[in-house]
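Residue-level structure breakdown
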Amino acid sequence: MRVESRVMSISWIPSEAIRGMTKMPFEAGVAHYDDPPPDVIESDEALEELRVADRFRFANVLTAWADIDDGAITSYGMGGGGRIGSTTLKVGRKVTFQAGAMDDIEHEPELGEGWVRFRRTAGGSTGAPAPRHVNHPPFVQLRAPIAWTTVSLTIHADGRTEAALEGASPFPRHWVYGPDGRLQQKSGLIDFKEWYRNAFGKHTPWGAEESPALVAAVETALERELSLLMMRGQAKPDIRKLREGSVLTQEGDAGDDLYLLLDGVVSVAVNGEVLAELGPGALVGERAVLEGGTRTATITAVTPCRVASAPAAAIDRDKLVELSEGHRREEQPPA
């Protein structure tokens, strides 16, 4: 029996992800943030359409196969590769800079008792120059920092497959698609400053230094729909930072704002019991709006976070009811 599978990461720049002076070209419309990629990418053709449309910065595709005979893996192999995008700037007219790809790193497959694991590292840097001071010699860089992901795919002798994001640059956002082409996980924390000042030379996988990836569960399609409405509505939401351990909402307090987690991970606790941890894209706070203006959970920053807040009136009430019902199901303890 032959088992074939794949994993893919897409790396893109979400709204409000860039900080400091570097944000100015984005605010002025010279550079652009990226719309969230689709929930499902089923084929290489669909991925190529996204690349040509400048919808992502780079992709990392890992395909693998294993032949299994009588419960043992007898042979195996891997394929795929990195797909670099382009950077389009609008300076009077649109100018497109082709990004520069790094050579893929194909790690030696690991063969264990009843399983084989494959890993690939892929990435690169934008074609547009990025002159800046950096934290290491030569202390000045002209080439843009390097972004990357390391994805893995494990095939078991019983036919099961497991996909994971094992490492990634601190910027931009990385989404991971599983064997069925559906969005499966995402990086939970962006650190633009760390990436901008350090991601070059030996401080990348090509210099033998990896950055572990903090991954978070995927939010619902409804949350993605509502987050776009919230961020692109007429009233721009307020954006605030939370330190690790800071409380966003306190159970029992009054409140009627909605919160969109832009970056980081938060915990949701009721009566002192943590019921869930949520990552970027999660929309919370709707229960207080629907249940008398009282917060029904304590939400605490597990990592440093950035959060957008907006009045509940910015979102259709029927959508809030649907969102709340989904959150109730997610927060039910296992049977």
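Here the structure is shown first, and the text comes after it.
It should be emphasised that the depicted structure is a prediction, and the values quoted were computed from it without experimental measurement. (Residues numbered from 1 in each chain as written. Predicted model: local features only at pLDDT ≥ 70, side-chain atom pairs only at ≥ 80, totals over all residues. Heavy atoms only, no water.)

Notes on the overall build of the chain
The condition that has to hold: A run of DSSP states H or I qualifies as a helix once it reaches four residues; a run of E qualifies as a strand once it reaches two. Both are numbered from the N-terminal end. Each residue is assigned to one of three classes by its accessible area relative to the maximum for its type, calculated with a 1.4 Å probe on protein chains only: buried under 20%, partly exposed between the two thresholds, exposed over 50%. The contact rule is simple, with two residues in contact once any of their heavy atoms fall within 4.5 Å. The method behind every accessible area is Shrake-Rupley, applied with a 1.4 Å probe, and residues are considered shielded solely by the protein chains displayed.
If you tally the helices and strands in the chain, you get six helices and 24 strands. Put simply, the chain has 335 residues, and 48% of those count as buried. When contacts within the chain are restricted to residue pairs at least 6 apart in sequence, those whose partners lie at least 24 apart make up 68%. Entry remark: accessible area of the chain is about 16,200 Å², with carbon and sulfur atoms responsible for 51%.

Some points on the sheet that holds strand 20 (residues 266–270)
Our working definition: Paired strands are those between which DSSP finds at least two bridges. Axes, fitted as lines to C-alpha atoms, cover a helix only where it is in contact. Angles between the N-to-C directions of the axes lie from 0 to 180 degrees.
Spatial strand order, 18-23-20-21: four strands in an open sheet with antiparallel pairing. The open sheet is flanked by strand 18 (247–249) and strand 21 (273–278), the only strands paired with a single partner. Pairs of neighbouring strands in the sheet enclose a mean axial angle of 30°, with direction left out of account. The pairing of strand 18 with strand 23 (residues 298–301) spans two bridges and is antiparallel. Residue pairing across strands places Thr249 opposite Ile299, the latter belonging to strand 23.

Describing unusual backbone geometry
The omega torsion of the bond from Phe171 to Pro172 falls at -5°, within 30 degrees of zero and hence cis. Looking at where Pro172 falls in the secondary structure, it is placed in the loop between strand 13 (161–168) and strand 14 (173–177). Unlike most non-glycine residues, Asp70 shows phi in positive territory, near 55°. Within the secondary structure, Asp70 sits in the loop between strand 2 (58–69) and strand 3 (72–84). By relative accessible area, which is 77% here, Asp70 ends up exposed. Unlike most non-glycine residues, Asn271 shows phi in positive territory, near 55°. Examined against the element boundaries, Asn271 turns out to sit in the loop between strand 20 and strand 21.

Examining the sheet that holds strand 14
Pairing is antiparallel in the open sheet, where six strands are placed in the order 3-2-1-14-15-16. Both outer strands of the open sheet, strand 3 and strand 16 (215–216), are each paired with one neighbouring strand and no more. Here strand 14 runs beside strand 15 (residues 183–187); their pairing, made up of three bridges, is antiparallel. Looking across to strand 15, one finds that Tyr177 is bridged to Leu183.

Considering the pairing of strand 1 (residues 2–12)
Of all eleven residues making up strand 1, eight are buried, and the element is well covered by its neighbours. Here ten bridges tie strand 1 to strand 2, and the two strands are oriented antiparallel to one another. Within strand 2, the residue paired with Arg6 across the bridge is Thr63. Both strand 1 and strand 14 contribute to a ladder of five bridges, which runs antiparallel. Bridged to Ser11 within strand 14 is His174.

A look at the pattern of salt bridges
Definition in use: A carboxyl oxygen of Asp or Glu within 4 Å of a side-chain nitrogen of Lys or Arg is what we treat as a salt bridge.
Under the criterion given, the structure shown has eleven salt bridges. Between Arg160 and Glu162 there is a salt bridge whose closest N-O contact spans 3.5 Å. The partner of Arg173 in a salt bridge is Asp263, with the nearest N and O atoms 3.2 Å apart. Taken together, the residues span a long stretch of sequence, with Arg173 in strand 14 and Asp263 in strand 19 (residues 257–263) at a distance of 90 residues. The same class applies to Arg173 and to Asp263, which are both buried. Several salt bridges converge on common partners, so that one network encompasses Arg6, Asp44 and Arg83.

Points about the pairing of strand 2
Counting buried positions over the twelve residues of strand 2 gives nine, a clear majority of the element. Alignment of strand 2 against strand 3, held across twelve bridges, turns out to be antiparallel. Paired with Val61 across the two strands is Gly81, which belongs to strand 3. Hairpin remark: strand 2 followed by strand 3, antiparallel, with two residues in the connecting loop; positive phi at Asp70, about 55°.

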